Amino acid sequence: GASMVINVLSDNDNRSNADVRAAVGKNGGKMAEQGSVLFMYDRKGKVEVPAEVDEEALMEAAIENDVDDYEMEITEIEDSVVTTILVEPQDTNNMLESVKSMGFEEGLKMELCFVTKAPVEVEDEDFEKNMKVIDALEELDDVDSIEHNM
């Protein structure tokens, strides 16, 4: 089945834990123990650029900023283009500086995230159930982000 990593930022662990458990349980999900699915994910740094980035120019800028390895994906969303760059966590700031050195400043996003090692295919019905859980979790104030392997 599908798994999720729920990132929570809170000043009250008990309240957040209860809220997350309630949101998952009420929407047909099951909670595993804390950290029990993390082995299925890699921790990565993510830089999002609201434009199409030239891969050769990025490679040159990355080398100049001591970034050895990265993955790049260009996605078209409606009328806009987003370039997502994944790096090792310790290289995240250097990659951001690489992107800035190419002239991109506006709308840049940088964060650490969990990226699945093995995406899974789920039936449409299960996908809808899982999205219902994700939507409920995103409504909670303490939930910062949710990563999944669907």
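Scroll up a little and you will see the structure.
Cut-offs used in this document
- Going along each chain's sequence as written, the residues are numbered from 1 onward.
- Per-residue local features are limited, in this predicted model, to residues with pLDDT of at least 70; the limit for side-chain atom pairs, both in listing and counting, is 80 or more; totals at the level of whole chains, interfaces and linings are taken over all residues.
- Working from all heavy atoms in the structure, the side-chain values ignore hydrogens and water.
- A run of H or I in DSSP becomes a helix once it reaches four residues, and a run of E becomes a strand once it reaches two; helices and strands are each numbered from the N terminus.
- Only protein chains enter the accessibility calculation, which uses a 1.4 Å probe; a residue is then buried when its area is under 20% of its type maximum, exposed when over 50%, and partly exposed in between.
- The method behind every accessible area is Shrake-Rupley, applied with a 1.4 Å probe, and residues are considered shielded solely by the protein chains displayed.
- Residues scored as charged are limited to Lys and Arg (positive) and Asp and Glu (negative), so that His and the chain ends carry no count.
- A charge is said to be at NZ when it belongs to Lys, at CZ for Arg, at CG for Asp and at CD for Glu.
- Working definition of a nonpolar core: buried Ala, Val, Leu, Ile, Met, Phe, Trp, Tyr and Cys residues. They are joined through side-chain atoms within 4.5 Å.
- We call two residues in contact whenever any of their non-hydrogen atoms come within 4.5 Å of each other.
- Polar contacts here mean pairs of N or O atoms no more than 3.5 Å apart (in protein, one a potential hydrogen donor and the other a potential acceptor; neighbouring residues in sequence count only if both atoms are side-chain atoms).
- In short, DSSP must find at least two bridges between two strands for them to pair.
- Helix axes are fitted only over the stretch in contact, all axes being lines through C-alpha atoms; the angle between N-to-C directions runs from 0 to 180 degrees.

*Asks:* It is not clear to me how the overall build of the protein chain should be interpreted in this structure. Could you clarify?
*Replies:* When helices and strands are tallied, the protein chain shows 4 helices and 6 strands. Traced from its N-terminal end to its C-terminal end, the protein chain shows the element sequence β-α-β-α-β-β-α-β-α-β. Structurally, the protein chain occupies a C-alpha span of about 50 × 35 × 30 Å along its principal axes. Here the protein chain holds 150 residues, and 33% of them are scored as buried. Accessible area for the protein chain stands at about 9900 Å²; split by element, carbon and sulfur atoms hold 44% of it. Mean positive and mean negative side-chain charge positions of the protein chain (12 and 39 charges, respectively) differ by 11 Å.

*Asks:* Please clarify how the nonpolar core should be interpreted in this entry.
*Replies:* The nonpolar side chains of soluble globular proteins are, as a tendency, buried together. Ranked by size, the top nonpolar core spans 13 residues in total, and within it Val 47, Val 49, Leu 58, Tyr 70, Ile 85, Met 95 and Val 99 carry the most contacts. Top element by residues in this core is helix α3 (residues 92-101). It accounts for 3 residues. Non-local contacts of Val 49, meaning those with residues more than four positions away in its chain, are made with Val 81, Val 82, Thr 83, Ile 85, Val 99, Phe 104 and Leu 108. Membership of the second largest hydrophobic core comes to 10 residues, among which are Val 20, Ala 23, Val 133 and Ile 134.

*Asks:* Mind showing me how you'd approach the side chain of Lys 44 here?
*Replies:* Relative to the helices and strands, Lys 44 resides in strand β2 (residues 41-49). A polar contact of 2.9 Å, which involves the side chain of Lys 44, links it to the side chain of Glu 88. Filtering out sequence-adjacent residues up to four positions away, Lys 44 remains in contact with Glu 71, Leu 86, Val 87, Glu 88, Pro 89, Glu 111, Leu 112, Cys 113 and Val 115.

*Asks:* For this particular structure, what's the right way to read the side chain of Thr 84?
*Replies:* Here Thr 84 is to be found in strand β4 (residues 80-87). Here Thr 84 falls in the buried class, since its relative accessible area comes to 17%. When residues no more than four places from it in sequence are discounted, the contact partners of Thr 84 are Lys 46, Val 47, Glu 48, Glu 71, Met 72 and Glu 73.

*Asks:* What is the right way to look at the sheet that holds strand β3 (residues 71-77) in this model?
*Replies:* Either a parallel or an antiparallel arrangement is found when strands of a sheet pair, and the pairing is made through backbone hydrogen bonds. On the basis of which strands lie adjacent, the open sheet formed by 4 strands has the order β3-β4-β2-β5 and antiparallel pairing. Looking at which strands have only one partner, the edges of the open sheet turn out to be β3 and β5 (109-116). For this sheet, the mean inter-axis angle between neighbouring strands, taken without regard to orientation, is 30 degrees. Relative to β5, β2 runs antiparallel, the two sharing 8 bridges. Pairing of Arg 43 across the sheet is with Phe 114, part of β5. The sheet strands contacting α3 are β2, β4 and β5, and the helix crosses β2 at an angle near 20 degrees.

Keep in mind these numbers describe shape, not what the thing actually does.
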